[in-house]
Amino acid sequence: MRCHPIRLGLASVVTTILSLSAAQAAPVTVDNCGDTLTFDQVPERMVVHDINMSEMAFALGLQDRMVGVTGISGWYKTTAEFDAERGSIPELAPKYPTMENLIAASPDLFFAGWYYGMKPGGDVTPETLAPHGIETLILTESCIHLDKSRPAASFDLLYADIVRLGEIFDKTEEATQLVDDWKARIAEIKASVSDVEGKRVFLYDSGDDKPFTAGKYAMPTAMIEALGATNVTADMDTSWGTTSWEAVAAADPEFLILLDYQSGGGAADLLAFLKEHPVMSHTTAVKNEAFVPLRYEELTPGPANIEALAKMAAAMKP
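Small disclaimer: the values here were computed from a predicted structure and weren't measured. (Residues numbered from 1 in each chain as written. Predicted model: local features only at pLDDT ≥ 70, side-chain atom pairs only at ≥ 80, totals over all residues. Heavy atoms only, no water.)

This part takes up the state of the cysteines. A complete count under the given rule lists one disulfide for this structure. Between the sulfur atoms of Cys33 and its disulfide partner Cys143 the distance amounts to 1.9 Å. One disulfide, between Cys33 and Cys143, carries an S-S torsion of -85° and so falls in the left-handed class. Of the two residues, Cys33 is situated in the loop between strand 1 (28-32) and strand 2 (35-39) and Cys143 in the loop between strand 8 (135-138) and helix 6 (156-168); the sequence distance between them amounts to 110 residues. Exposure class is identical for Cys33 and Cys143. Each is buried. (Disulfide = S-S within 2.5 Å. Helix = DSSP H or I, 4+ residues; strand = E, 2+ residues; numbered from the N terminus. Buried < 20%, exposed > 50% of the residue type's maximum accessible area, 1.4 Å probe, protein only.)

Laid out in structure tokens, this is it:
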């Protein structure tokens, strides 16, 4: 029996479409702070908290799946690039969202983290959202707040999150390519660095009585160590937290990372404070005004980490 070539071609196309549909409909299971999270279909209505996680979603072109963002305007001034990528996606809450904020948007997925939109024991948690049909994807860096057995910070925090998003939204190939590109760029940046091996670095986020800074499990520690330098607060057994000025001054940092919130005087105000501080004013970094200002999204897990690393490398060169 002879088959008509056009009919055979149509049959082939239909078979291909059905195969693709079946592949997309297959359940996808990802790690979620040591637990598993399974999706029977690609989420259609995602809400994302914070600039850094929003930029992860933008990097995969997920704007058409986003029905809202939270935690942006209440803390930060955004860049023109961020605003352009966000487009008309509404902000549901300027800081932490409430249950009412989220339920009103009817999302099927909330991408957030512990102290990135959620607090342990708070009103908005994976457990409180689940009865409303809302799954929660948790930022990997933040898992340390509930699981103290997590490994120290590395760029795997960023890589794992972008790959998970890719798997969930049927964009695994795009996510894998992003990770490969980031790894290549980091290798290029590291190759450009010299004479910073072991350089003592202190990140100053905020705080007068006690500095709020990055510990063992925070992304800045991974960034500092990627350049061969040392975070003087890497012994803090947390991601982000406070320490004492005396402990920081005793470590005599040679270089500063100043978090520039783009509000008020930003990094300039932080440096002015350190220059007047009774113990920090005597440290090598402050006396030499050796610092780099970086924005919040450059220091929390997200695509901006990569070029922030380049800024650090350039500023740390002798």
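The next point concerns the sheet that holds strand 11 (residues 230-231). Pairing is parallel in the open sheet, where four strands are placed in the order 11-9-13-14. The open sheet is flanked by strand 11 and strand 14 (291-294), the only strands paired with a single partner. As defined by bridge partners, strand 9 (residues 200-204) adjoins strand 13 (residues 255-259) across four bridges and the pair is classed as parallel. For Val201, the partnering residue across the bridge sits in strand 13 and is Phe255. Docked against the sheet, helix 13 (residues 305-316) engages strand 9, strand 13 and strand 14, running at close to 160° with respect to strand 14. (Pairing = 2+ DSSP bridges. Contact = heavy atoms within 4.5 Å. Axes fitted to C-alpha atoms, helices over the stretch in contact; angles between N-to-C directions.)

All right, on to the environment of Thr284 then. Locating Thr284 in the fold gives a position in helix 11 (residues 284-288). As for Thr284 and Leu256, which are separated by 28 residues in sequence, their C-alpha atoms are 9.8 Å apart. Beyond its immediate chain neighbours, meaning those up to four positions away, Thr284 contacts Asp252, Pro253 and Glu254.

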